Amino acid sequence: MARSSSRDYPEFYLVGAAKAGTETLGTWLAQHPEVFLPENRAPRYFAHTSNDPRPTAGPYDRDQMATAVTDAAEYLALYAGRGAAMRGDASPCYLAHCEAASRIAEARPDARIVITLRDPVARAFAHYADYRVQGLDPSPSFEEALAAEPQRLASGWSAWHGYAQQSHYVTQLQRYLDAFPREQILFLSYEALRETPAKAWEQLCAHLGLAPAAIDLAPAAAPEPSQPGTVQRLLDRALPGRTTPAPALSERTRRALAGRYLSEHAPLRRMTGLALESWSTPTG
């Protein structure tokens, strides 16, 4: 990293998990008069510091990768000259990335961290479904994508294709608990953002030291199939009339994945203080 003061870096980081409400929190905070989020809300700098963000194999969204910031000076320029505004970075890739927590802590030891978690089964499937609709996953079923996941990741596909892997939260959270004092981390559940948004907003503002300004608490809209990624657009040009229907999650797969994550529920409750009672189990 370039030589700089810790105060040059943003004061807070919305670090994920992916498909668990980071975009919604960014949309809420962007409305607050005392907060600054750059136009590129997810610069992903601490995941791609001085590295090429593109995977070495497999499909990926070239438009998204083009917005990844890898240079320290370019990153700091996003936040320069913002006066007393509280500045933020909303990059959901930071939670799963193995070095992002330590890099953020090195740059900004007093950073406020916000982590949102979602039922791991629902999160994994939502990630696949989004990629499938965008044309970024060639597997016609979630089951095929899960079966291919280990080989894909081993051969250099994007970590975003680790649908099941990224829903194993314990190790990801431990990296942040090791890097920051517990009081600097706020845990929120995706389910709470939907069911009790006013309470979640109050918790978020209190954690960041902000007055809870009146804002529109509607959740951020999910990407629509009419807004495809680069791969989807290229395929549509080559094959006019081609469509990729939204997939469905089978009950059998839901139960199997729920069993895979069940042993993590208790440690996650201890780590986060979240109830997690609505998360999937093999029997319900």
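Small disclaimer: the values here were computed from a predicted structure and weren't measured.

### A short note on the confidence of the model for the chain
(1) Moving on: Averaged over every residue, the pLDDT of the chain is 89; residues scoring 70 or more account for 89%.
(2) Moving on: Note on residues 223-243: pLDDT is under 50 here. Beyond four places in sequence and across chains, it has 24 contacts.

### Overview of the packing of aromatic side chains
(1) Moving on: Enumeration according to the criterion identifies 17 aromatic pairs in this entry.
(2) Moving on: Residues Tyr13 and Phe46 carry aromatic rings whose centres are separated by 5.9 Å and whose planes lie at 80° to one another, so their mutual orientation is edge-to-face. Here Tyr13, found in strand 1 (residues 12-14), pairs with Phe46, found in helix 2 (residues 45-48); they are 33 residues apart in sequence, far enough to count as distant.
(3) Moving on: Tyr13 gets classed as buried once you look at its relative accessible area, which sits at 0%.
(4) Moving on: Cluster of aromatic residues (ring-pair linked, three or more members): Tyr9, Tyr13, Phe36, Tyr45, Phe46, Tyr75, Tyr79 and Tyr94.
(5) Moving on: Cation over ring: Arg62 sits above Tyr60, and NZ or CZ is 4.6 Å from the ring centre.
(6) Moving on: Against the face of Tyr190 rests Arg118, its NZ or CZ located 4.0 Å from the ring centre.

Thresholds applied
Residue numbers restart at each chain and count upward from 1, following the sequence in its written direction. Totals for whole chains, interfaces and linings use all residues, but because this is a predicted model, local features are given only for residues with pLDDT of at least 70 and pairs of side-chain atoms are given and counted only at 80 or more. Where side-chain values are given, they derive from all heavy atoms of the structure, hydrogens and water being excluded. Each residue carries a pLDDT score, the predictor's own confidence in it, on a scale running from 0 to 100. Contact criterion: two residues are considered in contact whenever any of their non-hydrogen atoms come within 4.5 Å of each other. Two rings from Phe, Tyr or Trp (for Trp, the six-membered ring) form a pair when their centres sit within 6.5 Å of each other. Planes less than 30 degrees apart are called stacked, planes more than 60 degrees apart edge-to-face, and all others tilted. Secondary structure elements are defined from DSSP: runs of H or I of at least 4 residues count as helices, runs of E of at least 2 residues count as strands, and each element is numbered from the N terminus. Classification of residues uses two cut-offs on accessible area relative to the type maximum, computed with a 1.4 Å probe and protein chains only: under 20% is buried, over 50% is exposed, and between them is partly exposed. Placement of a positive charge over a ring is assigned whenever Lys NZ or Arg CZ falls within 6 Å of the ring centre and within 35 degrees of the normal to the ring plane.

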